[in-house]
Amino acid sequence: MLHHLRISNLALLDSAELEFARGLTAVTGETGAGKSVLLGALALLSGSRADKGLIRKGADACEVEGTLHFQHPDAINAKLRELNLPECEDGTLLVHRVLPREKPARITVNGRNATLAALGALGGLWIDFHGPGEPQKLFHESCQLELLDLHARLEAPLAAYQVEWRRWRDLHAEAERLRTSEKLSPEEAEFIKAQITKIDSAKLSEEGIGKLEADFKRFSSARDILSLASELSQGLVADQLLGKRLSPLRNSAFQLARLETSAEPLAKRVESVIIELQDLSSEFASLADDCDFNPAQAQALTERMDLWIELRRKYGTDVATILAKRAALANRLAIQGDLEGAISRVLGEAAKLEKTLRVQAAALTATRRAAADDLGTKVGAILVNLGFKKPRLAIELLPEAELREHGDSRCRIVFAPNAGQDLLPLSQIASSGELARVMLALKAVLARVDSTPVLVFDEVDANVGGEIAAVVGRELAALGQDHQVYCVTHLPQVAAQASAHFVVVKDQTEDATTVTISPLDPDSEERVRELARMVGDRHSASALDHARELLQKPAAKAGTTKKK
């Protein structure tokens, strides 16, 4: 859940620090007051793309920062590891996003720089938005199937099926590629054989190529290396150095040691210097011998290096890439020898896999059928509470002509809002209010199996009122028992059900317009007056009495805010 939110210079909002609790949080205010600022901040935190027009006029940047806590952080930590970001400490996720006017945007997650894509991937795990356009998603059968599969808890078996389905699809694609591939001419086959032979002649290995390149580098500098190494070898053992100078000095050192025992170590060091010089001379001589390439060695080394350069130019810059190309050439040659046989083997493997997929798809469909009946019954019961007298909602399973990524069945939600009407697809429901209530009923049922902790509803109660609005409020409050729910609403019946209530106020002067977001204590007169305003008149005695009646229920403690 979201514990703390800091916002700076977003749209008309100067600055605010908000703290939130569990349950349903209502956000209210006059029309045009800027209630969407809070939703905009949440959208920025969850990875939505942002226009720099969001930056408050006169400010250099807008900024949002959120602190979230996960009681069970396994899923979010797994995603953080996948994104190479620090895991949550004690289940706490810290998200910070800055949108400057002139500079590039900056995002950090748990203190480490992150991309917008990474922020979006994390946002998909902790927050779910439901806005005025959300019911339109219900028109798409793909969305309807996702909802049904969520209720059926098919995530794991569907993922396993999809892995095999993609392999099955790839096998058919390979068979089609083989059918349409051109048969090699004798000349082309011979050319491929020659290329394979050439690659094999290079005897490629990482170790071998490393030695080849080192040897060739030495060969390229052989003349200079030979000259310098010979000069050093001969100079270190020259009579002038060892015979005429150092040998007499060694004898003198040992004579001194016989006279003065403390000089014995010094004499031994002189002898060690002479031995070391002799060793150096020998090693330099050996180095000179190694670089003294005979003509046959030089030619062989040059030919191997020329072949390696040619292979790199044709097939890739490293050994692994060239060997992979060699395998592909050999495979193409082998297939050409038995093209029909290769196609038959690929299709045989695909047919064998299809039998397994059919069993998996049938199991998915059976689970969906049971879940469809259960979901339709539960949603129908909630729709009765939402003001439909005799609604009928059903989820029809429709067979697919062939195996698809989602199995061998799809679904279609059909609905009749009134008695005597035919069941029709949701896209043929005329009333947006009816569609919004269907979406709310579906969400109320599905929330029990949805692990997303934060749910945001933007005027989901549009086009409803009266007693139905009170029921909508109760359903949203019920969602708040297992989720943290935010609802932007114009209806006092909904706002009164919230355990926390924030009010958005827009102030205007001749020179500037500002928005503030403030918490209302659950039992305060300020909240009563805000509900009375929503009823019709914050100064009307009857409106105030109505507001108090709406609040006659237990309420959770609201959050607090620090205004700046």
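The rules behind each value
- Residue numbers restart at each chain and count upward from 1, following the sequence in its written direction.
- Local features in a predicted model are, by the rule used here, given only for residues with pLDDT of at least 70; side-chain atom pairs are given and counted only at 80 or more, and totals for whole chains, interfaces and linings are based on all residues.
- Based on all heavy atoms of the structure, the side-chain values leave hydrogens and waters out of the count.
- What counts as a helix is a DSSP run of H or I of at least four residues, what counts as a strand is a run of E of at least two, and both are numbered from the N terminus.
- For each residue, the accessible area found with a 1.4 Å probe, counting protein chains only, is set against the maximum for its type, and the residue is called buried under 20%, exposed over 50%, and partly exposed in between.
- Contacts are assigned to residue pairs that have any heavy atoms within 4.5 Å of one another.
- In short, Shrake-Rupley with a 1.4 Å probe defines the accessible areas, and a residue's cover is counted only from the protein chains shown.
- Ring geometry is summarised as follows: Phe, Tyr and Trp rings, the Trp one being its six-membered ring, pair when their centres sit within 6.5 Å, and such pairs are stacked at plane angles under 30 degrees, edge-to-face over 60 and tilted between the two.
- Nonpolar cores are built from buried Ala, Val, Leu, Ile, Met, Phe, Trp, Tyr and Cys residues. Side-chain atoms within 4.5 Å join them into one set.
- When DSSP finds two or more bridges between two strands, those strands count as paired.
- The axes are straight lines fitted to the C-alpha atoms, using for helices just the contacting stretch, and the angles between their N-to-C directions are given from 0 to 180°.
- The working definition used for a salt bridge is a side-chain nitrogen of Lys or Arg within 4 Å of a carboxyl oxygen of Asp or Glu.

Overview of the overall build of the protein
So, step 1. Counting its secondary structure elements, the protein contains 18 helices and 16 strands.
So, step 2. The proportion of buried residues among the 564 residues of the protein is 44%.
So, step 3. Considering only intrachain contacts with a sequence separation of at least 6, the fraction spanning at least 24 residues in the protein is 71%.
So, step 4. For the protein, the accessible surface area stands at approximately 30300 Å², while carbon and sulfur atoms represent 51% of it.

Things to note about the packing of aromatic side chains
So, step 1. Per the stated rule, a full pass over the model turns up three aromatic pairs.
So, step 2. Ring geometry for Phe 20 against Tyr 486: centres 5.2 Å apart, planes inclined by 85 degrees, an arrangement best described as edge-to-face. Of this pair, Phe 20 sits in the loop between β2 (13-19) and β3 (23-29) while Tyr 486 sits in strand β13 (residues 484-488), and the two are 466 residues apart along the sequence. As far as burial versus exposure is concerned, Phe 20 and Tyr 486 are alike and both buried.
So, step 3. For the ring pair Phe 388 and Phe 415, a centre distance of 5.5 Å and an interplane angle of 90 degrees mean the geometry is edge-to-face. With a gap of 27 residues between them, Phe 388 in the loop between α13 (339-385) and β9 (392-404) and Phe 415 in strand β10 (residues 407-416) connect regions that are remote in the sequence.
So, step 4. Phe 415 gets classed as buried once you look at its relative accessible area, which sits at 1%.

Regarding the nonpolar core
So, step 1. Core analysis: the biggest nonpolar cluster contains 74 residues, and Leu 383 and Leu 476 have the highest contact counts within it.
So, step 2. When residues of this core are assigned to their parent elements, the largest contribution, 15 residues, is made by α13.
So, step 3. Discounting residues that sit within four places of it in the chain, Leu 383 has contacts with Phe 388, Pro 391, Leu 393, Phe 415, Arg 437, Val 438 and Ala 441.

Here we look at the pairing of strand β12 (residues 454-458)
So, step 1. Within β12, four of the five residues are buried, leaving the element largely enclosed by the surrounding structure.
So, step 2. Judged from the four bridges that link them, strand β8 (residues 127-130) and β12 form a sheet pairing that is parallel. Across the sheet, residue Phe 129 finds its bridge partner in β12, namely Val 456.
So, step 3. Two strands pair when backbone bridges link them, and β12 and β13 are joined in this way by five bridges, in the parallel orientation. If you follow Phe 457 over to β13, its bridge partner there is Cys 487.

Side note on the sheet that holds β9
So, step 1. An order of β9-β10-β11 is seen for the three strands of this open sheet, with the pairing classed as antiparallel. Across the chains shown, the open sheet's two edge strands, defined by having one partner strand only, are β9 and β11 (424-425).
So, step 2. Two strands pair when backbone bridges link them, and β10 and β11 are joined in this way by two bridges, in the antiparallel orientation. When the sheet's bridge partners are listed, Phe 415 is paired in β11 with Leu 424.
So, step 3. On the sheet, helix α4 (residues 141-152) packs against β9 and β10 and is oriented at approximately 100 degrees with respect to β10.
So, step 4. Its contacts with the sheet place α13 against β9 and β10, and it is angled at close to 165 degrees to β9.

Focus on the environment of Arg 368
So, step 1. Take Arg 368: it is sitting in helix α13.
So, step 2. On the accessibility criterion, Arg 368 (0% relative accessible area) is buried.
So, step 3. Each C-alpha atom, one on Arg 368 and one on Arg 153, is 9.4 Å from the other, the two residues being 215 residues apart in sequence.
So, step 4. The residues touching Arg 368, leaving out its near neighbours within four places in the chain, are Leu 145, Leu 148, Asp 149, Leu 154, Leu 158, Leu 397, His 406 and Ser 409.

A word on the pattern of salt bridges
So, step 1. All told, the structure shown has 28 salt bridges when counted by the stated rule.
So, step 2. We note a salt bridge from Lys 378 to Asp 374, for which the minimum N-O separation is 3.3 Å. Of the two residues, Lys 378 and Asp 374 both sit in helix α13, four residues apart, roughly one turn of that helix.
So, step 3. Take Asp 374: its relative accessible area is 31%, and that puts it in the partly exposed class.
So, step 4. Beyond isolated ion pairs, a larger network of salt bridges with shared partners links Glu 141, Glu 400, Arg 404 and Arg 410.

This is a description of form; function is not addressed.
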